[in-house]
Amino acid sequence: MLTDKTLEEIERIKKKYPNTKSACMEALQAAQREKGHVTECDMRAVAEALDIEPVEVQEVGGFYTMYNVEKPKGRHHVQVCRNLSCSLLGAEHIILAIEQELGIKTGETTEDDRITLSTAECLGSCGTAPMMQINDEFHEDLTVDKVSDILKGLK
Amino acid sequence: MENVLLKNINNPGGHTLKNYLAGGGYEALKKTFKVTPDDIIQTMKDSHLRGRGGAGFPAGLKWSFIPKDPTVDKYVCCNADEGEPGTFKDRGIIEYDPHLLIEGMIIAGYAIGAATSYIYIRGEFEFGAKRLEAAIAEAYDKGYLGKDILGSGFTHDMYVHRGFGAYICGEETALLESIEGYRGQPKKKPPFPALSGLYSKPTIINNVETLACVPPIIAKGVEWFTSMGPEKSPGPKIFCVSGHVEKPGLYELPMGTTLREIIFDHCGGIKDGKNFKAVIPGGVSAPLFKEDNLDISMDFDSVMAAGSMLGSGAVIVMDETTCMVKSAYIVNRFFSHESCGKCTPCREGTIWATKVLRRIEYGAGRPDDIELLESICDKIFGRTFCALGDGAVMALRAFINNFREEFKYHIENKKCMVQA
Amino acid sequence: MVTLKVNGKEISVADGTLILDAAKEAGFVIPTFCYQAELSSLGSCRMCIIEIGGQKKLQPACITPVLQDMEISTETEQVEDARASMLEFLLSNHALDCPVCDKAGECELQDMVHKHGPRKGRFAEMRETFHVKDYPLSPVIVKNSNRCVQCMRCVRVCKEVVGRGVLGTIGRGAHQEETSFLKGELDCDHCGMCIEVCPVGCFMRRPYRYKSRPWDLNSTKTVCQYCATGCITKIEERDGEVIRSIASKDTEGFNGRMLCSRGRFGHDFLNNEERLTTPLLRVNGTLEPVSWDKALDVIKDKLKKSQPDRVGAVASARLTNEELYMLQKVMREGVGSSNVDASSRWSAGDSEAFIAATAIDGAGLSIDNCMEADTIFVVGSHISDENPVTDYMVRYLSASRRKTVMVASVRPMKLDRSAQITARHMPGRLGAFLAGVTLKLYEENKTKLSGVKGVKSLDGLSIDKLSKASGVAPGDIEAIAKKLSSSQSVSIMAGTDMIRLGDGTGGLCLLSDILKTLDKRVFVLPLLDRSNQRGAWDMGAHPNFGPGYSELKGDTGLDCGAMLEKASKGEMDLLYVIGDDILAMYPDRAFAEGAIEKVGFLVVQDIFLSDTGKVADLVLPGASFVEKTGTVTNQEGRVQPIKPLRKPLGKAREDLNIIADIGSMISKNGSFTGDITAETVMEDIKKDVPMYGDVECDEQGCRGFLIGGVARRSLKCISVGEEDTTELKENKKYPYYLVTGNHLFGSGTLTGSSSMLRKLIKEPTIEMCIEEAKSSGLTDGDMVTVESDGGNGKYRLQTRKKSSSKVVFIAENFNEGSVNRLYKIGERVPRVSVNKGA
Ligand SMILES: Cc1cc2nc3c(=O)[nH]c(=O)nc-3n(C[C@H](O)[C@H](O)[C@H](O)COP(=O)(O)O)c2cc1C
Ligand code: SF4
Ligand code: FES
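What counts and what doesn't
- By convention here, each chain's residues receive numbers from 1 onward along its written sequence.
- Numbering of ligands from 1 and lettering of chains from A proceed in the order in which they are written.
- Residues qualify for local features only when their pLDDT is at least 70, as the model is predicted, and side-chain atom pairs are given and counted only at 80 or more; totals for whole chains, interfaces and linings, by contrast, use all residues.
- Side-chain calculation: all heavy atoms of the structure are included, whereas hydrogens and water are not.
- For each domain, the first and last residues come from an automatic or database assignment.
- In what follows, a contact means two residues having at least one pair of non-hydrogen atoms within 4.5 Å.
- Buried area: the sum, over both parts, of the accessible surface (1.4 Å probe) that disappears when the two are put together.
- Each salt bridge in this description consists of a side-chain nitrogen of Lys or Arg and a carboxyl oxygen of Asp or Glu lying within 4 Å of one another.
- Elements are defined by DSSP. Helices are runs of H or I of four residues or more, strands are runs of E of two residues or more, and each kind is numbered from the N terminus.
- Whether a residue is near a molecule or strand is decided by its heavy atoms; if any one of them lies within 4 Å of it, the residue is near.
- Side-chain atoms alone can form a polar contact between residues adjacent in sequence; in general such a contact is a pair of N or O atoms within 3.5 Å, and within protein one must be able to donate a hydrogen while the other accepts it.
- The method behind every accessible area is Shrake-Rupley, applied with a 1.4 Å probe, and residues are considered shielded solely by the protein chains displayed.
- Axis lines are fitted to C-alpha atoms, over the contacting stretch for helices. Their N-to-C directions set the angle, which ranges from 0 to 180 degrees.
- By definition in this entry, angles of less than 35 degrees are roughly parallel, angles greater than 145 are roughly antiparallel, angles of 65 to 115 are roughly perpendicular, and the rest are oblique.
- The handedness criterion is simple: a crossing whose near helix is rotated anticlockwise from the far helix by less than a right angle is left-handed, and one whose near helix is rotated clockwise is right-handed.
- Polar here means any residue other than Ala, Val, Leu, Ile, Met, Phe, Trp, Tyr, Cys and Pro, which are nonpolar, and Asp, Glu, Lys and Arg, which are charged; Gly is therefore polar.
- The pairing criterion for strands is at least two bridges between them, as found by DSSP.
- pLDDT measures the predictor's confidence residue by residue and takes values from 0 up to 100.
- Only rings of Phe, Tyr and Trp enter the pairing, Trp through its six-membered ring, and a pair is recorded when the two centres are within 6.5 Å. The plane angle decides the type: under 30 degrees is stacked, over 60 is edge-to-face, the rest tilted.
- Buried, partly exposed and exposed residues are distinguished by accessible area as a fraction of the type maximum, computed with a 1.4 Å probe on protein chains only: under 20%, between the cut-offs, and over 50%, respectively.
- Put simply, a nonpolar core is a bunch of buried Ala, Val, Leu, Ile, Met, Phe, Trp, Tyr and Cys residues held in one set by side-chain atoms that sit within 4.5 Å of each other.

Undergrad: Hey, could you go over the domain arrangement of chain B for me, with residue numbers and the actual values?
TA: Residue and element names in this part refer to chain B. For chain B, the assigned domains are domain 1 (17-226), domain 2 (236-319) and domain 3 (324-413). Between the C-alpha centres of domain 1 and domain 2 there is a distance of 27 Å. If you look at the interface, domain 1 gives 19 residues, while domain 2 gives 19 residues. Taken together, both faces of the contact between domain 1 and domain 2 bury some 1400 Å²; the carbon and sulfur share is 63%. Applying the counting criterion to the domain 1 and domain 2 interface returns two salt bridges. Between Glu209 and Lys237 there is a salt bridge, with its nearest N and O atoms 2.8 Å apart. Secondary-structure elements contributing two or more residues to the side of domain 1 that touches domain 2 are helix H5 (89-96) and helix H10 (222-226). Counting residues per element, the side of domain 1 that touches domain 2 draws most heavily on H5, at three residues.

Undergrad: Which residues make up the site of ligand 1, and what values go with them?
TA: Residues and elements named next belong to chain B. Residues in contact with ligand 1 amount to 19 residues; listed here are only the nearest, Gly53, Asn79, Asn206, Asn207 and Thr210. Contact between ligand 1 and Gly53: an oxygen atom at 2.6 Å from a main-chain N or O atom of the residue. Residue Asn79 places a side-chain N or O atom 2.8 Å away from an oxygen atom belonging to ligand 1. Taken by itself ligand 1 offers 610 Å² of open surface, and the protein chains cover 89% of this. Element by element, the count of residues in the shell around ligand 1 is highest for strand E4 (residues 203-207), at three residues.

Undergrad: Give a description of the packing of helix H2 (residues 77-92) of chain C against helix H3 (residues 108-116) of chain C that names residues and reports values.
TA: Residues and elements named next belong to chain C. For the pair H2 and H3, interaxial distance at closest approach is 10 Å and the crossing angle is 135 degrees. It follows that H2 is oblique to H3 by the angle criterion. Helix-helix and strand crossings are classified by hand; for H2 and H3 the assignment is left-handed. Residue-level inspection shows Glu80, Arg83, Ala84, Leu87, Leu90 and Leu91 of H2 in contact with H3, the latter providing Leu109, Met112, Val113 and His116. Taken together, the residues of the contact of H2 with H3 sort by class into seven nonpolar, one polar and two charged.

Undergrad: Could you give an account of the interface of chain B and chain A, naming the residues involved and the relevant values?
TA: Contact residues are listed per partner, giving 56 residues for chain B and 39 residues for chain A. A combined buried area of about 3800 Å² lies between chain B and chain A, and 59% of that area is made up of carbon and sulfur atoms. Ranking the residues of chain B by area buried against chain A places Glu124, Phe164 and Arg183 of chain B at the top, with a combined share of 19%. Linking chain B with chain A are two salt bridges, by the criterion used here. Between Glu140 of chain A and Arg91 of chain B there is a salt bridge, with the nearest N and O atoms lying 3.1 Å from each other. Between the two partners, chain B and chain A, sit 21 residue pairs in polar contact (both at pLDDT 80 or more).

Undergrad: Can you explain the sheet that holds E4 of chain B? Please cite residues and give values.
TA: Residue and element names in this part refer to chain B. On the basis of which strands lie adjacent, the open sheet formed by four strands has the order E3-E2-E1-E4 and parallel pairing. Across the chains shown, the open sheet's two edge strands, defined by having one partner strand only, are strand E3 (157-162) and E4. Averaged over all neighbouring strand pairs, the angle between strand axes comes to 20 degrees, with direction disregarded. For strand E1 (residues 75-80) and E4, the ladder comprises five bridges, and the chain directions are parallel.

Undergrad: Describe the confidence of the model for chain B, naming the residues involved and giving the relevant values.
TA: For chain B, per-residue confidence averages 97 on the pLDDT scale, and 100% of positions sit at 70 or higher. In the predicted assembly, ipTM is 0.96 and pTM is 0.95.

Undergrad: Residues and numbers for the site of ligand 2, please.
TA: Neighbouring ligand 2 are 13 residues; Ile168, Cys340, Cys343, Cys346 and Cys386 of chain B lie closest to it. Of the residues contributing to the shell around ligand 2, the split by class is eight nonpolar, four polar and one charged.

Undergrad: Give a description of the packing of aromatic side chains that names residues and reports values.
TA: Evaluation of the coordinates by the stated rule reveals 25 aromatic pairs over all chains. Between Tyr26 of chain B and Tyr144 of chain B, the ring centres sit 3.9 Å apart and the planes meet at 10 degrees, which makes this aromatic pair stacked. In this pair, Tyr26 of chain B is assigned in the loop between helix H1 (17-22) and helix H2 (27-33) and Tyr144 of chain B in the loop between helix H7 (126-141) and E3, connecting sequence segments 118 residues apart. The same class applies to Tyr26 of chain B as to Tyr144 of chain B, namely buried. Seen in terms of ring centroids, Tyr110 of chain B and Phe154 of chain B are 5.5 Å apart; in terms of plane orientation they differ by 90 degrees. Their pairing is edge-to-face. Note that Tyr110 of chain B is positioned in helix H6 (residues 98-112) and Phe154 of chain B in the loop between H7 and E3, a separation of 44 residues in sequence. One exposure class covers both Tyr110 of chain B and Phe154 of chain B, and it is buried. Members of the aromatic cluster, connected to one another through ring pairs, are Tyr17 of chain A together with Tyr75, Tyr118, Tyr159 and Tyr199 of chain B.

Undergrad: Quick rundown of the nonpolar core? Include the residues and the values.
TA: Considering soluble globular proteins, one finds that nonpolar side chains tend to be buried as a cluster. Counting residues in hydrophobic clusters, the biggest one holds 155 residues, and the most contacted among them are Tyr64 of chain A together with Phe33 and Leu109 of chain C. Beyond its immediate chain neighbours, meaning those up to four positions away, Phe33 of chain C contacts Cys45, Met47, Leu87, Leu90, Glu108, Leu109, Met112, Val149, Cys151, Arg153 and Pro199 of chain C. Counting 103 residues, the second largest nonpolar core, distinct from the first, contains Tyr325, Leu574, Ile578 and Ile685 of chain C.

Undergrad: Pulling in residues and values, what's your account of the interface of chain B and chain C?
TA: Contact residues are listed per partner, giving 34 residues for chain B and 37 residues for chain C. Interface area, chain B with chain C, both sides summed: about 2900 Å², of which 52% is carbon and sulfur. Together, Trp352, Lys379 and Arg383 of chain B form the three largest contributors to the area buried by chain B at its contact with chain C, with a combined 25%. Run the count over chain B and chain C and you get seven salt bridges. Across the salt bridge formed by Asp81 of chain C and Arg383 of chain B, the nearest N and O atoms sit 3.0 Å from each other.

Undergrad: Tell me what's going on with the packing of helix H2 (residues 24-35) of chain A against helix H4 (residues 54-63) of chain A, and back it up with residues and numbers.
TA: All names here are of chain A. Two elements in contact, H2 and H4, have axes whose closest approach is 10 Å; the angle formed by their N-to-C orientations is 75 degrees. Taken as axis vectors, H2 and H4 run roughly perpendicular relative to one another. For the pair formed by H2 and H4, the contact residues are Cys24, Met25 and Leu28 on the first element and Glu56, Val57, Val60 and Gly61 on the second. A class-by-class count of the residues in the contact of H2 with H4 yields five nonpolar, one polar and one charged.

See the structure below:
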C-alpha cells in the first residue's frame, strides 16, 4: 500500500495535467521513492488513484528503465555509464573495479542489500567522464581509487 | 566571445532569480509584452534561429504554424530529454541558468497564445529537475508566471514533467505520448504537433538551448544574433566536447567554428599528446569524421554537406588507441537498447546488428559479417518509423566505411588492430 | 475525388483515401500486419511500405493518404526487397514452432513468408525469447509471446473496440510483450477479440488447443443466436464436435471480425450430452421415448378435443422467420386461434408500444447509418451486456467518426466510458427522465413545438419534479437537452428495458417528434436481446397483429401472461411451447408453476429438457440453429440466412417440419401439406409481409434490408401523461430496487449449457453499488440472501463502481436461482432486501 504522503503527492501531481492518465509517470515515480522499487500493490494503488487500468501503469513501469518494477534494489543503486564518451575514458575499468570490490556482477545486489550495480546508457555527463549515478546523485571524473572511496562511504 | 547561454557556468549560485534579474533577466519578457505575439514570431523568423535539438528546423517558422484560433488550447513543450550520447549542454543551462529557459518559454507561450507549458526533463536529471522546480516557484512568486503576468493580461502556467529513462522520448511525438502518460513511442506525422500535438492540441516543441536563445534575441536584438555564424544558421552554439581531449566540457562558440578550432584551440588538443583518429560531430547518431574533415565549419548545412550532422553539437573525440569495432558495438548497443520497439526494422534490425558486432568484438566474427552488417543496415535504412533507426544505421555505416580494414582485421585475427 | 496511378493504372478515389485502399481498388493487394480497418492507425510493422514517384523513401501505405497525381508502385524490386526484409526481421526472433502451433494453416506470417520470402535464413544468434512459453490469460484465452510480431492489434482492439483496455505492452524494444497486468488472469469481457485479430499464434483459444487444423474442419457460415445484433459467424466442427465459432476477415459479415464471448465461446452447448434426440411422452407420470408417429397422433387427438380459444402457442424469438411465420399461420388458420406469442417475459401491450416508439413496423436502419448522426443517444439498454458487438461498433465508430455518445441507463456499463454524457435514472423512470429532456427542449422552443401531438402532456410538469421522479440531476437533464438541441442529427438506440419495464415509450415518441419538428434528422434503432425478436414481430408471432403488422381479421389473441392466467383457471386445453422456458422466464415463477400445472396438455419443443419441458406432457426434440435452414432478422432489420452444419441429432427434426406436420394434421383444406421448406415459406412471407418483398436470399446470403414505406404506425404511441412522474418512495423493509436483464456471459438455457461460458460465470450473482455495499458491511464475493415479497434467493455479491446506490441487478438467465422467483405478477420493479449470509 502507498503511504498517505505518497497518495497526497499523487493528488498534487494530478493537478498538473488535464487528465489523470498523464499523472501516471510521476505518480509511479512518487511510489518508487517510498522504497526504491514498485510492487504489484503499488501499481494497483496508482491505477486506483488515477482511475486507469493497472496494466496501463505497468506499461509505463515497463517501458522506462528507471522504474524498478517488482525488482527490489539495494539501498544504493550504482549505475555506471557505459556509453561511448565514458567508455573512451575507461568506464569498463570502473565497472570491473566495482565488481571486484563488491564481489558481485553487474545486475546483482550485494548480499546485505546495500548496493545494486547496473550499467546505464549516457547520463548526460560526458564532459566529466567516466561517471556513475548513485541513487539520484552524479559522481563524475571517476578513477578506480575514487570509486573505491565512494563505495566505502555507502552505508 | 562573451558567454550568453553559459553566462553563469562558472558562477555557483548564479541560478537564482536575484542573480538573473541583476544580469538583466526578464527584461526581454517586459519588452515582449509591449509588442504583439505576431511581432515576436516575426522577430524569431528574422533571427533565423534554428532548432538546437538536432534537426535545425527554424524556430520562428515552427511557431508560425500554430493556428491563431484563440478558442483552442495550445501548449509549449520544452525538450529537456537530452539523451543523445555525448550531449550535456541542456543540463548546463538548466542547472546554471534555469530562468533563462523559463523566460524563453514564457515568451514562446505569449507568441503562440499558450496558457500552459511543460518541461520534459529526463529522469536522471534529478538535480536539474529540482533546480527547475525551485526556479519556477520563484518565478510564480514574483509574478513572472501565473495569472496576468506583470500586468500584461497574459496568463501562463509551467510544469516540469519528469521522464524516467527512455532516449526515444527525445523524439518529439514520443515526448508528447510520454507526457500524456503512455509508453513513449513515436506517433505518425502528419498531423504535426503544431496542428495536433499534446492532447491533440496545437503544440510547439523546442530544445532547451533553442528556447534559451529567445530572451537574448529579444533583449539584444536580431542583429546581435545574426552577427555570429553563417547567414543560414547564425547565433551562438554550445558544443559539448567529450572523449580524448585535454579539456572536455561545454563551449559556447559562434556557429561555424571549425572542428579543428574546437578540438585543438579551445579544448587543448588530444589528451596525453596522442594522435587524433576520428570525431563524431553531433552525438552518436551522427556519422563520424576522420582527419580530412576537421576544417568543416560546425553549422547545420556545412556538416550536412560533408555527410554527417551537427545534431546536438556533441563532439566526441577518439584518439589513435580507440578500437573502432568496439566503439561501433557500444554505439549500436545503445540504439538497440533504446529502440522503442514500435517498428519492425529498428526493433529487430538494431538488436541483430548488435549481436553481430558483439561476436566480432569478442573474437567470434565470421568471414561475411561485414556484408551481413551492411545488408542489415540497408534493410533498416529509410524504412523505420522515426529517425532513431536511421541514426543507428548512419553511425554504423560510417564506422564500417571509414574503418573497414579494422573490422576485417578483427574478424580475421580475433583481436583489435589497435593496442589500447 | 483525386486521380492517381497505381502501378500505371489510373484510378479516382475519394479525398483522404489511404494508399492501401486505393491500391486495393485498383486491384493490387499490399501486405499488412499492423493495419486493421477498425483500429487506430499505427504504421509500425512496415510491411506495407511502397514507392511513391518522386520520393526517395518508401512510404507506409496504411497511414499515407493519396494525393492528386500520385504515382504509386507496389510491385517493384525495392518494394519486394522491403517486404522480404521485414519478414526476415520478424522471423529472426520468432519461435518458428509451426508444427505445434494452433495457427498453422491460417497464420498471416506463414502466408506472407510463403509469398514474399525470405527463402533463406541468415540469423545465427540466440533468439530473444520469453521464458514462459504458454500461459493462460483466462478460461478461454492462452498466450504464447514467442510468436508475436508486435502488431499491437490485440492491445488496440481491447481498448478501442471492446473498451476494456486490460491488455498492455510491457517492456520495450525487442523485449516488449503484449499481455495482461503481471501476466495474471484477465478480468475482462473474455470476448476473444485479441485472438481473432492476432495474425499469428500468439493469442489462442484454449478450448481449441491442439484440437484440429483448419483444413480438417467442416464449417458453416451462419448467424449467431445469442442476441439481435445478428453477427455473422462461422461455426466449425470436427468429427461431429462443434469446436469453434469464428468471425474472420473472410466471413465478411457486417460485424467484421467481431464476436463477443457468447458468440465466440458459447457454442459448445451444441455438443452438450443432454441434447434431446427423441420425442418423449408422459406415461404414468414419467417421460418416455416414443416414435414421431405416436407423438403427432397424440397432438392431433388433443387438438381435436380442444376449443380453439383454449389453445395457445409460445415460441422463442430465436426461431427462424419461416418457423415463426408457419407457427402463427398454423395457429390462426389451422387451429383458429390468435393465442400466439414470441415472449414469455413481456406483455403484448408493452412490446406493441415499443414497436411503435422505435418504428419497427417501418423500414430497417443499419448501425452504420445510425453512426452517421452527430449524436448517439442510448436509452433503456444495457447494450454492453445485451448487445456486446453493437456496443463495440458504437465505441469504435463513434470514436473514429468523432461523434458524441450519450447514455441514459439504470445501471453503469462499459459504454459509459466512451460516452461524453451519462445519466443514471431510477428503474422504471426512463419516461420521467425523457419527459424532463423533452420539457427542456419544449420550454426553449415553445412556439415552434406547440403543435406537436402530445406536447400538452408536459404542461404542469417541471424539471425539478421530473428530476426527483427520475433520480437524474437537473444539470444532467439540461446537458443532454442542450446537446440534442445543438445536434443536426440524432440517433436514438432504444433497448429492452423499455419493454421489460413498460417504460419510456411515450417519452421516446414525443422526443423524436419534437426533434423532427426542430428540423433534425432522427434515427431510432431498437436494441433487442433475442436473435430474431424483430423477425418474430414481423412474422406476426404476436397476439395483437398478423404478419407485417396487419390488422387481425378476428379477435386479438392472448399473450403468454394472459394464457397463463387462463390456464390457472383451468381454461387452457393445450399449450404448445417452442424453445421458450416459461417457468424460468415468466416474471413470477410461483404463479407460472401453478398455471402450467393446470394446462390440459402441455407440448414443449426444444433442444434441451428445460424446466418447462420437465413438466410437459409431450416433449418434441427440435433442431439447433446449426441443424436447420432459414432466415433471421436482426434488430436493424437485416435479414440473414442461417445454414446447417449438420443434420438434427438422433430423431430430432427441424422445427419448421414439426410445425408444418402439426398444421397438416389439423388443416381442413390441406394448406400445410406438400413440400414445405424454408424456401417455399419465404416465398409466402414475401407475399404476405410487404417489407420482405425485396429480400433476396441465395448461396451467398441475403440481400436487402427491410424496406420502408409500409410503416403504418398502426400502433400508436402512448402519451407522456401516462408515464410515471410521481416521486419515488422509500421502503424500509425492502430498500433496493431490483432490475434484471441479460448477463454478458449468459442469456438463457443455451448459454447455461455451454461449459465454456459456465467457466466465465460460475454462479448466480447480484450486482450492487460499491459504496452502498461498503456501508452495509458487505464486500465483493460475499454470499447474500435476497428477499422480496415474492420469494428469496441466494447470490454471490459483485460490487460495481458508479452504480446508483439503491439499485441492484440480478441477471434474468441464471438456471439456478432464477430471478423470476423474486417477482410477483404485474410487478415490474420488485423491492428487495439484501443481507449477508446464506
Ligand atoms: C531519436 C531522437 C531523439 C531525439 N532526442 C532529442 C533530445 O534528447 N533533445 C532534443 O532537444 N531533441 C531531440 N530530438 C529532436 C526532437 O525530435 C525535436 O526535433 C526537437 O526537440 C525540436 O526542437 P528544436 O527545433 O528546438 O531543435 C530527437 C529526435 C530523435 C529522432
Ligand atoms: S525507428 Fe526505432 S525508435 Fe523509432 S519508432 Fe521504430 S522502433 Fe521506435
Ligand atoms: S500495415 Fe502499414 S505499417 Fe503495418
